[in-house]
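Here is what each chain is made of, one letter per residue.
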Amino acid sequence: MAQELKVIQDFYDLSLYMTGRILTFPRNLRYGLGLAMERRLQDVLALLVRARYTPGAAKEPVLREVNIELEVLRFQLRQATELRALPLKSQHHALERLTAVGQQVGGWLRSLRPPSP
């Protein structure tokens, strides 16, 4: 595989981790909340790839959409933990990775702004 942007690779790793955790959800949550989380993970990955190939300042709206999706995913993780589908330790690990991805997206957004005089 060609050299990938770190943010994309980190999110891909998070996606793999979460997919493994979602498979352990109880059946009644796996096909509702679990499926919604899997779709959101795939959507964010697609947005990150889209941002990579979008020219210049047009990346900003795509990256802002990534931030929104990451925030919704954060709430879904919380919900999964409160419903006892996701162990607290797994939630903590996923949130650490999610925070790291969010910081990278924030840095990417800041890099698009022109420098202050």
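Everything that follows concerns the structure shown earlier in this document.
Because the structure is a prediction, the values reported are computed rather than measured. (Residues numbered from 1 in each chain as written. Predicted model: local features only at pLDDT ≥ 70, side-chain atom pairs only at ≥ 80, totals over all residues. Heavy atoms only, no water.)

Brief notes about the environment of N28
Here N28 is to be found in helix 2 (residues 27-53). Owing to a relative accessible area of 64%, N28 belongs among the exposed residues under this scheme. (Helix = DSSP H or I, 4+ residues; strand = E, 2+ residues; numbered from the N terminus. Buried < 20%, exposed > 50% of the residue type's maximum accessible area, 1.4 Å probe, protein only.)

Structural notes on the nonpolar core
Grouped together as the largest cluster of nonpolar side chains are 32 residues, with contacts concentrated most on F11, M18, F25, M37 and L48. At nine residues, helix 2 tops the list of elements feeding residues into this core. (Core = buried A, V, L, I, M, F, W, Y, C linked by side-chain atoms within 4.5 Å.)

Concerning helix 4 (residues 88-112)
With 25 residues, helix 4 should reach 36 Å at 1.5 Å per residue; the first-to-last C-alpha distance of 36 Å fits that figure. Of the positions making up helix 4, those classed as buried are S90, Q91, A94, L98, V101, V105, G106, W108 and L109. As for helix 4, its buried residues are in contact with helix 1 (6-22), helix 2 and helix 3 (59-82). (Expected span 1.5 Å × (residues − 1). Contact = heavy atoms within 4.5 Å.)

Details of the packing of helix 1 against helix 4
Their axes nearest at 10 Å, the elements helix 1 and helix 4 cross at an angle of 160°. Between helix 1 and helix 4, the angle is such that the two are roughly antiparallel. At the point where helix 1 passes helix 4, the crossing takes the left-handed sense. In this structure, helix 1 contributes K6, V7, D10, F11, D13, L14, Y17, M18 and R21 to the contact, and helix 4 contributes S90, H93, A94, R97, L98, V101, Q104, V105 and W108. Here the contact of helix 1 with helix 4 is composed, by residue class, of ten nonpolar, three polar and five charged. (Axes fitted to C-alpha atoms, helices over the stretch in contact; angles between N-to-C directions. Parallel < 35°, antiparallel > 145°, perpendicular 65-115°, else oblique. Left-handed = near helix turned anticlockwise from the far one by under 90°. Nonpolar A, V, L, I, M, F, W, Y, C, P; charged D, E, K, R; others polar.)

Brief notes about unusual backbone geometry
Notably, R84 is not glycine yet its phi reads approximately 65°, a positive angle. Its place among the elements puts R84 in the loop between helix 3 and helix 4.

With respect to the environment of D43
Position of D43 relative to the elements: it lies in helix 2. Along the backbone, D43 and L70 are 27 residues apart, and their C-alpha atoms lie at a distance of 10 Å.

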